[in-house]
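Results of the structural survey
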Amino acid sequence: MNILIAILVLGLIAAFFGALLGYAAIRFHVEGDPIVEQLDALLPQTQCGQCGYPGCKPYAEAVANGEAINKCAPGGDDTIKKIANLLGVDVEALDENHDQDSTLGNGPTVAFIIEEDCIGCTKCIQACPVDAILGAAKQMHTIIIDECTGCDLCVAPCPVDCIEMRPIPETIQNWQWDLNKIAVKQLD
Amino acid sequence: MESIIGRISQGKFWQFHGGIHPPEQKALTSSKPIKQLPLPIQLIIPLQQHIGRQGDLLVNVGDNVLKGQALTQSSNPMAVPVHASTSGIISAIKKSAIAHPSGLSELCIFIDVDGKDTWQAREICHDFTKLTQQQIIKKIADAGIAGMGGAGFPTHIKVNTKPDINFLIINAAECEPYITADDLLMCEQSEAIVDGIRILDKLLNPAFILIGIEENKPRAIKALQHATKAFEKISVCVLPTKYPTGGEKQLIKVLTGKEVKSGTLPIHSGIVVQNIATCFAISDAVIHDIPLIKRVVTLTGQALNKPQNVWALLGTPVSHLLKQTGFISEKNSAVTSPPVIMGGPLMGFSILNELVPIVKTSNCILAPSRAEMPSAFDNSSNEVECIRCGQCSDVCPSQLLPQELQWSAKAKDHQQLIKLNLFDCIDCGACAYVCPSQIPLVQYYRVAKAEIRQQQQFDLKAEKAKIRFEARKIRLEKEKVAREEKHKKAAAARKIAMSKRSADGGSASSAVADALARVKAKKKANEKTVSDSSTTKNDDSDDKSQVKAAIARAKAKRLAKNKVSELATINNAEVNTVNDIQVSINNEIKPVNELPVSSREKPSNSSDVKQENHSADDKKAKIAAAVAKAKARAKEKSNATQQSVQPLSISSDDDAQVTPIEADEADNKKARIAAAIAKAKSKARAKAKTKAKEEQDKQLKIERSEELKPTNEESE
């Protein structure tokens with residue numbers, strides 16, 4: 001008899017906790033993988049595809065599933081460090097295959113369409129991952145500089161090579177102090 | 001609040017944390033009156049002289065402008081207009097170096113001064129008390145008044161506030177060494193300043209008005225006390241001298257004992273702070289209808305013969321001011337040009353170009369001698385390691401930890417910098433002043449601040465890019481679904497039609513008869529379109545445009561040819577070959593042109609021609625380049641004595657084939673010439689191409705409307 005009571009009590013307790021867990025699973029259900037969202041937030045969102053994935057989110061998903069963390073060229077070492085921090089893995093050097101090419105070496109660039117050469121083929125529009133190119137078939141195209149991420153995906157498809165990557169001009173708004181250039185003044 | 005006033009009336013004030021007592025050096029200029037200067041020859045007026053945005057231009061090059069005329073306007077409330085400081089002619093609107101530590105260029109209006117100083121029509125207001133608040137605010141906004149203390153915040157925004165204001169604080173502390181501009185202004189224009197304060201009083205209706213002034217300006221204090229005698233509400237508060245009492249938050253602390261929380265504005269605690277020079281500008285603007293076109297500038301430093309305060313028109317180049325005060329440049333100094341600092345010795349920046357103009361916020365031009373400020377002359381820094389003495393945190397008026405900040409700034413640890421409240425740093429330079437290791441702390445903070453701001457911009461941009469990327473993905477997905485849907489529908493429609501037809505006709509023969517009838521009808525329609533005069537005409541003109549384009553191309557080519565006529569033989573040979581190619585290509589195009597008129601693919605007609613044309617153009621360029629390349633290569637290989645260009649043969653399909661060229665060129669020169677010709681040709685081609693394209697585009701539009709007909713017929 002005693003053994004039956006014990007089984008019954010334990011069984012009831014098990015059923016109760018099972019129900020509680022089941023309810024919690026539904027009540028606190030999280031859509032998607034939060035780690036992917038966090039990884040995606042760390043990536044530079046250039047959507048350049050240099051990592052071999054069609055955009056930053058797919059790469060974030062891949063990293064969450066064990067892909068190497070050192071494939072983001074525009075993000076560079078900073079991004080790798082942040083991802084390593086988040087995932088608790090070792091920092092790796094930027095993958096050589098995904099190294100920044102020389103055109104991107106000197107600071108951020110944006111695409112520029114040489115408008116007199118544009119034939120209006122819309123190929124670059126289809127290539128742009130962030131819809132930053134304005135134009136229509138047989139009409140001249142142009143880049144919305146503020147939206148361009150400088151991924152250079154539009155350069156290759158252009159049949160007349162009228163797109164080039166240009167460095168962002170330095171203005172008062174984005175100017176950076178350079179201690180090496182400016183003599184430091186002090187009153188004695 | 002009563003207790004605050006009680007304390008103030010007893011002459012007791014609070015103290016802010018830290019602060020320093022650098023040598024004042026104000027005696028250089030404080031005893032001399034403000035000098036009126038002769039007009040400069042040229043004024044350079046930057047479009048943006050304050051925080052916010054620049055306005056839209058109202059004038060063009062060559063316009064005559066009168067003194068006080070607005071040069072820009074904007075509907076954006078954060079934009080402040082700029083005005084012509086004197087009459088003259090606008091000689092240029094271009095980028096020029098402006099008063100900014102970067103020495104970068106921004107858009108400026110250049111005015112050639114005519115020397116007449118003619119005013120535009122003004123409306124002088126004799127009694128500002130009759131104006132409504134909105135009228136006054138509009139006058140202030142139109143006069144382009146921005147805070148003249150340093151930051152240049154648009155004044156009309158600062159005075160256009162709703163909540164109850166307890167204190168209006170007038171900042172007359174002028175705590176930075178050397179600068180005496182406000183001091184002299186108070187001595188000479190105290191009545192006008194008080195008028196300005198009364199206008200602010202009317203706008204803000206504060207409970208109390210406090211003028212904060214340091215005790216090292218006895219003449220100004222006396223003048224202000226005299227001018228404010230009649231107004232109970234205004235009290236002149238004489239404060240102990242300490243740098244940086246003139247900082248907004250520091251002055252509030254000293255006068256009211258309140259601390260403005262990090263990340264909030266004084267307005268949130270019911271306090272508005274205005275600079276004393278701004279008050280003068282407000283009275284000028286509201287009462288005399290004089291926009292902000294001049295300000296007092298302290299010209300000082302031992303490198304000047306006659307250091308003095310001057311009334312400088314906005315836009316006056318610094319070089320003009322220096323000339324007027326007898327600038328002695330030390331020729332044999334190590335640096336090429338002696339340093340000139342805009343702003344005070346602690347917060348100013350050295351200007352790289354003496355054409356930099358005076359703007360709304362420039363209160364001082366400091367030209368130190370070598371003995372006075374040796375660090376300005378030699379670029380090498382004497383910085384040594386931090387010894388952790390802690391003097392910097394003792395003097396920091398914002399109660400930050402400068403040495404911690406410095407380490408984090410060097411390590412570029414932005415998170416830590418934000419945690420240490422870097423953005424509460426007011427760049428006062430007190431920490432760098434006391435540092436025994438001569439670490440330029442403020443410079444590190446400035447760099448870090450700019451970096452963090454840029455990082456924030458990047459983050460914003462990344463966020464935007466992400467949203468756009470996601471939106472695009474959704475759009476592509478939708479389009480795909482829509483396309484599939486359409487295909488499905490079309491397939492279903494076809495199926496229904498098929499089954500209907502078979503049901504209707506019953507037998508195969510009737511279906512055949514049907515098809516025959518359809519073909520007949522179509523033929524008829526085709527004949528109609530062919531015979532249709534408009535279509536033929538259209539086609540004719542299409543041909544004509546082709547011919548025209550060809551002619552234009554040939555002309556351009558001839559032009560290029562003439563240019564390099566000395567190299568006649570090679571040139572001619574080449575041009576001929578390329579002309580041949582062109583003719584053949586044109587021949588190619590023509591059949592394509594004529595062919596489809598009667599064929600069934602009418603709608604694609606024009607686009608075909610165009611593509612053909614483009615490919616032909618591209619082909620030519622490629623051929624020319626290939627010719628040049630082949631020549632160079634051949635020369636390298638053989639180094640033979642003779643060279644001739646064999647005629648090029650081109651197959652009729654799209655892939656142009658160039659037969660290998662037998663090269664017999666004598667020297668390098670020829671190869672280079674050939675390359676040059678090829679380049680010139682491709683340029684000419686590009687020109688002709690654009691012309692042809694324009695014509696074609698026109699043509700295309702006409703054709704499109706024509707195309708609609710056949711398309712409709714087909715769909716039937």
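Up top is the structure.
Quick summary incoming for the structure in this document. Every value quoted in this text rests on a predicted model; they were computed, and no experiment measured them.

Quick word on the overall build of chain B
For chain B, the helix and strand inventory stands at 20 helices and 16 strands. Looking at chain B as a whole, 40% of its 716 residues are labelled buried. The contacts in chain B between residues at least 6 apart in sequence include a share of 74% that link residues at least 24 apart.

Observations regarding the sheet that holds strand β6 (residues 88-97) of chain B
All names here are of chain B. Strand order in the open sheet formed by 4 strands is β2-β7-β6-β4, and the pairing between neighbours is antiparallel. Pairing within the sheet leaves two strands with one partner each, and these edge strands are β2 (42-46) and β4 (64-65). In the sheet, β6 pairs with strand β7 (residues 105-113) via 9 bridges, with the strands oriented antiparallel. Its bridge partner lying in β7, alanine 97 is registered against serine 105.

A look at the interface of chain A and chain B
By a widely used convention, the size of an interface equals the accessible area lost when the partners come together. Counting residues at the interface gives 27 residues for chain A, matched by 35 residues for chain B. Here the residues of the side of chain A that touches chain B are counted per class, giving 11 nonpolar, 9 polar and 7 charged.

Observations concerning the pairing of strand β11 (residues 271-275) of chain B
Residue and element names in this part refer to chain B. In terms of burial, β11 is largely enclosed, as 5 of its 5 residues are buried. Every second residue of β11 is oriented toward a common face, with Ile271, Val273 and Asn275 on one face and Val272 and Gln274 on the other, all of them buried. In terms of strand pairing, strand β8 (residues 167-172) meets β11 through 5 bridges, oriented parallel. In the sheet register, asparagine 171 faces β11, and the bridge partner there is asparagine 275.

Topic: the environment of methionine 148 of chain B
Residues and elements named next belong to chain B. For methionine 148, the location among the structural elements is in the loop between α3 (133-142) and α4 (155-158). Note on methionine 148: 27 C-beta atoms within 10 Å, which makes it buried. Separated by 127 residues in the primary sequence, methionine 148 and asparagine 275 have C-alpha atoms spaced 6.4 Å apart. Ignoring anything within four residues of it in the chain, the contact list for methionine 148 reads Asn275, Ala277, Thr278, Ala281, Arg295, Lys360 and Thr361.

A look at the sheet that holds β11 of chain B
Residue and element names in this part refer to chain B. What the 4 strands build is an open sheet, ordered β10-β9-β8-β11; its pairing is parallel. Of all strands in the sheet, those bounded by a partner on one side alone are β10 (234-239) and β11. The mean angle between the axes of side-by-side strands here comes to 25°, regardless of whether they run parallel or antiparallel. Strand direction decides the pairing type here: β8 and strand β9 (residues 208-214), joined by 6 bridges, are parallel. Within β9, the position partnered with leucine 168 by the bridge is isoleucine 209. Against the sheet, helix α9 (residues 276-288) touches β8 and β11, its axis set at about 80° to β11.

Quick look at the nonpolar core
The biggest cluster of nonpolar side chains holds 130 residues, and the ones touching the most others in it are Ile169, Ile213, Val297 and Ile365 of chain B. For this core, the element with the highest residue contribution is α9 of chain B, accounting for 8 residues. Counting only domains with at least three residues in this core, you end up with domain 1 (1-31 + 123-289) and domain 2 (393-506) of chain B. If near-sequence neighbours (up to four positions away) are discounted, isoleucine 169 of chain B is found in contact with Leu210, Gly212, Leu251, Ile252, Leu255, Ile271 and Val273 of chain B. Core analysis: the second largest hydrophobic core is formed by 16 residues, Val110, Ala132, Ile133 and Cys154 of chain A among them.

Parameters at a glance
- Residues numbered from 1 in each chain as written.
- Chains lettered and ligands numbered in written order.
- Predicted model: local features only at pLDDT ≥ 70, side-chain atom pairs only at ≥ 80, totals over all residues.
- Helix = DSSP H or I, 4+ residues; strand = E, 2+ residues; numbered from the N terminus.
- Buried ≥ 20, exposed ≤ 12 C-beta atoms within 10 Å, placed from the backbone.
- Contact = placed C-beta atoms within 7 Å.
- Pairing = 2+ DSSP bridges.
- Nonpolar A, V, L, I, M, F, W, Y, C, P; charged D, E, K, R; others polar.
- Axes fitted to C-alpha atoms, helices over the stretch in contact; angles between N-to-C directions.
- Core = buried A, V, L, I, M, F, W, Y, C linked by C-beta atoms within 7 Å.
- Domains from an automatic or database assignment.

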